[in-house]
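Notes for the structure review
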Amino acid sequence: MSVLELSGITKRYGIGAAAVDALREVDLRVEPGELVAIMGPSGSGKSTLLTIAGTLEEPTSGEVSVGGLELSKLSRAEQAQLRRRAIGYVFQDFNLLAGLTAAENVSLPLELDGTSAKAARAAGLEALERLGLAGRADHFPDQLSGGERQRVAIARAVVGERRLLLADEPSGALDSVNGEAVMRLVRATCQGGVAGVVVTHDAQLASWADRVIFIRDGRIVDQTSAPDGPESLLEVDGAR
Amino acid sequence: MLRREWRQQLVILALLVVAVAATTVGLGMVVNVEHSDKGYFGKANTRIDISNPGTTGADLAAARARFGAVEAIEESSIPVPGSVTPVELRAQDPHGRFGSPMLRLVSGHLPAGADQVAVTAEVGSVLAVRTGSTLQADGRTLTVVGRVENPNDLTDAFALVAPGELRAPTSLALLLDTGSALAGARFSPPVGTLAGFSSTSASGPAQRRNQALAVLLIATIGLIFIGLLAVAGFTVLAQRRLRSLGMIAAIGASDRHVRRVLLANGAAVGLVGAALGTALGVLTWFSLGPVFSNVVGHRIDPFSLPWWAVIAGAVLALITAVIASWWPARAVSRVPIVVALSGRPTPPQPVHRFAFVGVAVAALGFVLLVLSHHDNTAYIISGILATTIGMLLLAPLAVRLIARLARRAPVAIRLALRDLARYQARSGAAVAAGTLAVGIAATITIHAAAAQHADHSGAVGNLPSNQMVVWLDGNPSNQGGPGLSVATAAGASTAPSAPPPAAVASARRVVDAISTAVQAHRSVELEAAIDLNQTIPAGAEQGNDYSSLARPISSQGRKGFEFVTTPLVVTGSVLTFYRIPASTLSPGADVVTSRAGLGRIDVNTGPFGDFAAAKVQVVAALPKYTSAPNTLLTQRALAEFGLTAVPAGWLIETLHPLTKAQLADARARAAAAGITIETRSAPDDTMQQLREYSTTIGVLIALGVLAMTVGLIRSETAGDLRTLTAAGASGRTRRTLTAATAGALAVLSGVLGTASAYLALIAWNWHDVSYLDSPPYPELVALVIGLPAVAFVGGWVAGRTPRKIARRPLD
Amino acid sequence: MSVRHALLALLTEGPKYGLQLRQEFEQRTGEVWPLNVGQVYTTLQRLERDGLVASDDDAADAGPQKSFHITDGGQAELTTWLKTPPDLSSPPRDELVIKVLVAIGVRDIDVHEVIQAHRRHIVELMQEWTRVKRDAAPEDVPLALVVDAELFRLDSVIRWLDTAESRLRRAPKPEPSLPAESRGPGHGVPKSTPSTRKAGARR
């Protein structure tokens with residue numbers, strides 16, 4: 001069963017002559033363990049796709065289902081619960097709450113879900129440890145470097161039993177080595193069975209995905225085919 | 001940049017308007033709150049009261065011969081059916097040389113001629129008369145022609161006839177101007193007896209100085225308030241501005257460019273805020289005038305505002321706004337542009353230094369207030385100032401403290417409190433402003449409660465305003481307390497008798513009816529002691545036949561007794577009523593009383609009975625009111641002196657102060673049955689009203705300030721809201737966030753405000769701290785618990801989900 | 001990649017046999033560029049001919065056992081080469097650029113589809129390279145460097161394609177009959193040169 005399934009999603013902003021379609025009839029399925037990159041220039045609708053998949057916005061038409069649940073049939077409270085339990089979200093910036101420590105930021109969804117503070121902290125520390133941030137657990141965001149902050153954000157997005165990881169330019173403000181580290185983490189998370197969707201305009205980031213989907217003017221125009229093994233690459237290059 | 005912030009600018013403008021308006025109204029109040037003594041003296045500086053002057057006018061003539069210009073006010077009384085308290089009837093010249101400030105025509109016209117009378121509103125309702133109706137007084141029928149009042153003492157209740165139209169004056173007040181205060185004291189009227197003498201000369205300048213002092217204080221505190229709110233508002237903008245300004249600086253704007261833009265903005269907001277605030281304040285003051293008149297008990301001139309202070313407040317609002325808006329520009333020129341651009345929250349500064357300074361300054365203020373002894377102006381002003389500033393400096397520490405306490409709280413509350421602690425500049429200023437609003441309200445209310453309490457515990461007051469006594473005796477000449485008069489048959493000696501059971505039963509029925517009508521909370525039957533074996537000689541004056549207490553005195557070698565009080569009798573129900581366990585009464589006591597220092601007391605069994613020394617026990621739990629059962633004869637004394645307890649009256653208590661309508665109804669029922677009621681004679685609800693008003697206004701201002709600052713603070717964390725939402729926060733969590741922010745600020749404001757009020761008042765009353773022994777609990781609860789509760793609920797209601805959470809806030 | 005200079009660089013560490021040189025070369029380039037023994041020996045012979053290396057053994061047929069060391073001339077040549085910037089000034093003939101330029105003029109061909117086809121192909125290549133990097137041991141820095149170089153090169157092509165696409169979108173609709181050389185403004189103007197150069201900078 002697909003973790004994320006979008007069918008016929010259209011999102012229209014504004015009305016009448018001023019109406020703009022950010023997305024038009026978009027279909028997308030993401031399977032468990034799969035990392036999908038959505039590539040497109042600015043204004044192509046890729047971020048809207050992500051906010052709709054993350055229940056932060058409702059499509060004008062079409063149906064979204066996450067883990068088999070049709071979002072249109074869920075109340076706002078149930079959608080919030082879904083975000084707390086199943087969906088992890090990584091933004092480009094404005095990721096962390098400045099008023100909470102790294103560990104508190106990570107355990108935030110669990111705490112919001114009613115997990116006891118102690119258990120939530122334990123889970124948060126574990127997630128931080130996996131990302132190599134155990135020593136920074138009680139630091140506040142302003143005491144962390146950009147790369148560390150992004151890693152904390154990813155830790156929050158994967159804490160608990162996540163099934164869907166959504167990332168919007170997750171390494172946007174980072175240098176390429178730090179960006180690569182972030183993508184490695186996302187990749188590793190997906191290998192654990194989580195479905196991942198990364199939105200980016202950066203081909204190097206997108207190339208971490210199993211499947212790259214190209215989006216233009218709100219439409220999916222193309223996607224990469226199933227990958228060959230890396231050996232073929234060496235042969236191609238070796239022949240030069 | 002400035003256009004984008006219009007919402008924030010509007011909130012800041014509103015904050016300034018509120019601060020300036022509140023200060024203006026506050027100034028109006030302090031100038032007019034002081035009760036002037038013109039209601040008693042008029043324009044004169046000396047008043048001589050003479051009782052039983054007769055009708056010859058000899059006393060007035062003698063006074064004129066001695067002092068020159070003297071104005072006379074003749075007085076007698078009108079009995080009120082069913083009440084022990086009569087109404088005062090005056091003959092006074094409304095245009096008199098001295099007395100004119102004591103009279104004002106409200107409606108109708110002034111009495112002229114022999115058969116006209118004007119009454120105050122109070123008297124109108126007590127006697128149930130209105131313009132056009134008639135009343136019996138002074139041995140004739142008078143027609144009510146108008147409504148009058150004493151504009152300088154609205155509690156003064158009287159009926160007015162034209163000068164010289166009183167046939168049988170029982171007392172005479174002389175108003176005069178005299179250079180020497182002592183000269184008046186030595187005046188001895190040829191006919192009447194000198195009942196009292198008083199002079200304004202001592203209190204006048206002191207009163208004016210007090211008023212100036214109060215104006216200065218309110219002005220000072222109001223100005224701090226204005227400044228704080230401006231700073232609080234603009235500090236919130238500063239962080240956002242820091243980033244925009246960094247950007248402007250990065251593209252090459254000079255510091256001067258930046259500063260000029262911000263100064264212009266600050267000046268515009270300040271100017272509009274000051275103007276609107278002053279206008280709003282003056283308008284509010286004008287419309288509050290009539291209400292306020294009733295609270296302070298005298299008519300006020302709405303134009304009697306201390307204009308210099310009002311203008312100073314407006315100017316300060318302008319200046320503070322300019323300075324506060326310029327601050328970020330200064331910060332940008334000090335902070336490296338890169339840091340400004342990053343817009344990263346700067347880590348909180350350590351607050352311990354602040355806190356230490358705060359404690360030191362507050363302590364200094366305390367000491368200055370103690371040392372001022374109420375009369376060193378410089379000490380008072382600097383003391384109040386230091387106390388206020390000291391408490392305000394503690395605000396950031398309190399914010400930090402509450403954030404630390406929240407470590408174990410649910411995440412939304414924790415986040416709200418952490419944010420407060422992180423953005424101390426704004427939350428500190430918000431708390432400081434709230435503290436000030438609460439502090440002023442708390443000071444007034446605590447002070448009013450203390451004054452009210454002092455009033456109760458002192459000699460003043462026959463009964464509290466929620467009690468009445470129905471006396472069995474129908475004789476209105478007994479002005480308070482029990483009285484049983486036996487009609488003496490001419491020429492025959494007789495023995496007093498207990499009240500006939502039929503009369504008692506009928507009175508009881510009336511009491512029950514009144515209890516039901518006023519929704520009595522509880523009641524108790526009062527008994528008095530009487531010696532049924534005494535003999536009253538023929539021809540004795542009608543008087544009080546109950547046993548009484550007297551104090552032996554000796555004067556010029558002759559021994560005699562001085563009447564002290566007519567005691568009631570200790571019964572089980574009286575003890576229960578006052579929750580006094582019978583075991584606490586000493587078995588050997590004859591008299592139990594709440595009045596300490598009675599000295600040696602004898603029991604007088606009756607007007608023609610014997611005197612015997614009594615053993616007195618002071619029981620503090622007994623009431624202190626003069627007409628309440630404050631002094632009681634024990635059953636032991638009854639047995640010892642051969643006395644009999646007979647029904648004398650009933651004490652009825654309600655939960656709320658009795659209303660005028662209830663009193664009028666009770667009076668009518670009593671009058672119909674030939675018995676009387678006694679109720680509180682001195683109006684005491686003005687202090688109560690003052691307490692309620694100041695608490696309400698303080699809470700409202702604090703709430704307004706909080707609402708606006710919370711709005712500002714939360715608007716700055718819109719980005720957090722997006723992150724929270726993505727992490728799965730429901731609308732509930734977001735509401736909790738706003739509610740917790742508001743609630744926490746309110747708690748801090750309430751606690752700090754009340755604490756600073758107590759600090760200042762303890763210092764002020766250092767010589768007698770017990771003056772503050774009776775805190776106004778309901779009002780304090782309203783400030784410390786009610787305010788946060790309302791703020792929390794308000795935050796909950798206002799913190800509803802923004803429609804577009806997924807969109808990033810415009811930057 | 002100049003095999004000549006790579007061998008010189010390896011010889012700066014000390015005298016080495018031909019076989020050893022081949023192994024070390026492959027190891028240090030992350031085994032991305034396989035080198036056959038013949039290539040090594042041909043290159044070594046040329047270097048010896050030019051006096052940049054010298055063999056320790058005079059026997060010409062010593063074969064794999066022949067050990068070489070770098071000469072002073074070789075050292076100088078290596079230093080000069082390392083510091084000489086590659087020739088980036090003259091635009092190379094790039095097949096991709098030519099294809100896109102041609103596609104603009106061909107009837108019934110949507111140039112955007114051509115661009116997307118290339119883009120997809122390049123992203124697929126990048127995915128493969130990334131997989132190589134992902135599967136490599138973390139301490140294998142040389143491999144990562146080589147893969148990065150490839151990725152950056154491919155990325156620059158993608159960026160050129162993106163730029164080309166948005167430029168084509170923004171430009172006024174061209175007359176399809178006109179030959180490619182007489183395109184309107186927006187094509188072949190100096191501004192586009194940097195992208196073109198980037199795309200063709202590889203060698």
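Located above this text is the structure these notes cover.
Now for a description of the structure that goes with this document. (Residues numbered from 1 in each chain as written. Chains lettered and ligands numbered in written order. Predicted model: local features only at pLDDT ≥ 70, side-chain atom pairs only at ≥ 80, totals over all residues.)

1. Describing the overall build of chain C
In terms of regular secondary structure, chain C is built from eight helices and three strands. Overall, chain C shows an N-to-C arrangement of helices and strands of α-β-α-α-β-β-α-α-α-α-α. A buried classification covers 23% of the 203 residues belonging to chain C. Of the contacts formed within chain C by residues at least 6 apart in sequence, a portion of 60% connects residues at least 24 apart. (Helix = DSSP H or I, 4+ residues; strand = E, 2+ residues; numbered from the N terminus. Buried ≥ 20, exposed ≤ 12 C-beta atoms within 10 Å, placed from the backbone. Contact = placed C-beta atoms within 7 Å.)

2. Section: the overall build of chain B
A tally of helices and strands in chain B yields 21 helices and 22 strands. Counting only residues that meet the buried cut, chain B has 45% of its 811 residues in that class. Of the contacts made within chain B by residues no fewer than 6 positions apart, 84% connect residues no fewer than 24 positions apart.

3. Some thoughts on helix α12 (residues 411-422) of chain B
All names here are of chain B. The end-to-end C-alpha distance of α12, which contains 12 residues, comes to 16 Å, matching closely the 16 Å that a straight helix rising 1.5 Å per residue would cover. The buried fraction of α12 is high, at 11 of 12 residues. When we look at burial in α12, the residues that qualify are Val-411, Ala-412, Arg-414, Leu-415, Ala-416, Leu-417, Arg-418, Asp-419, Leu-420, Ala-421 and Arg-422. (Expected span 1.5 Å × (residues − 1).)

4. Observations concerning the sheet that holds strand β2 (residues 53-55) of chain C
Residue and element names in this part refer to chain C. Strands sit in the order β1-β3-β2 across an open sheet of three strands; the sheet is antiparallel. Strands at the two margins of the open sheet, each flanked by one partner only, are β1 (16-17) and β2. When β2 meets strand β3 (residues 67-70), the two strands line up antiparallel, connected through three bridges. Considered in β3, the bridge of Val-53 is made with Ile-70. Contacts from helix α1 (residues 3-11) reach β1, β2 and β3 within the one sheet, and its direction differs from that of β3 by about 90°. (Pairing = 2+ DSSP bridges. Axes fitted to C-alpha atoms, helices over the stretch in contact; angles between N-to-C directions.)

5. What about helix α17 (residues 660-673) of chain B?
Residue and element names in this part refer to chain B. Helix length check: α17 (14 residues) gives 20 Å between terminal C-alpha atoms against 20 Å at 1.5 Å per residue, within 8%. Considered for burial, the residues of α17 that qualify are Ala-666, Arg-667 and Ala-670. Along α17, the residues classed as buried sweep out an arc of 105° about the axis, all on the same side. α17 presents Ala-661 and Ala-672 as exposed residues on the side facing more than 90 degrees away from its buried surface. Tucked inside the fold, the buried residues of α17 contact β11 (467-471), α14 (501-517) and β22 (676-679). Among the residues trailing α17, Gly-674 stands out with phi positive, at a value near 75°. (Arc of directions from axis to C-beta.)

6. Description of the interface of chain A and chain B
Opposite the 25 residues of chain A that make contact, chain B presents 24 residues. Looking at the side of chain A that touches chain B, the elements with two or more residues in it are α2 (76-85) and α3 (102-112) of chain A. Tallied by class, the residues present in the side of chain A that touches chain B amount to 12 nonpolar, five polar and eight charged. (Nonpolar A, V, L, I, M, F, W, Y, C, P; charged D, E, K, R; others polar.)

7. Quick word on the packing of helix α6 (residues 111-135) of chain C against helix α7 (residues 141-170) of chain C
Residues and elements named next belong to chain C. Relative to each other, α6 and α7 sit at 165°, their axes nearing to 10 Å. On the basis of their axis angle, the class for α6 and α7 is roughly antiparallel. Classified by chirality, the crossing of α7 by α6 is left-handed. For the contact of α6 with α7, a count of residues per class yields 17 nonpolar, three polar and four charged. (Parallel < 35°, antiparallel > 145°, perpendicular 65-115°, else oblique. Left-handed = near helix turned anticlockwise from the far one by under 90°.)

8. Remarks on the nonpolar core
Residue and element names in this part refer to chain B. The biggest cluster of nonpolar side chains holds 218 residues, and the ones touching the most others in it are Leu-16, Leu-229, Ala-317 and Ala-433. With sequence-adjacent residues up to four places away left out, Ala-433 is seen in contact with Phe-225, Leu-228, Leu-229, Ala-232 and Val-705. In this structure, Leu-526, Ile-530, Ile-601 and Ala-637 belong to the second largest nonpolar core, which totals 47 residues. (Core = buried A, V, L, I, M, F, W, Y, C linked by C-beta atoms within 7 Å.)

9. Considering the pairing of β11 of chain B
All names here are of chain B. Within β11, five of the five residues are buried, leaving the element largely enclosed by the surrounding structure. Going residue by residue along β11, you find Gln-467, Val-469 and Trp-471 tucked away on one face and Met-468 and Val-470 tucked away on the opposite face as well. Bridge analysis of β11 against strand β21 (residues 644-653) gives five bridges, and the strand direction is antiparallel. Directly across from Met-468, in β21, lies its bridge partner Ile-652. Pairing of β11 with β22, which is carried by four bridges, proceeds in the antiparallel orientation. Paired with Val-470 across the bridge in β22 is Ile-677.

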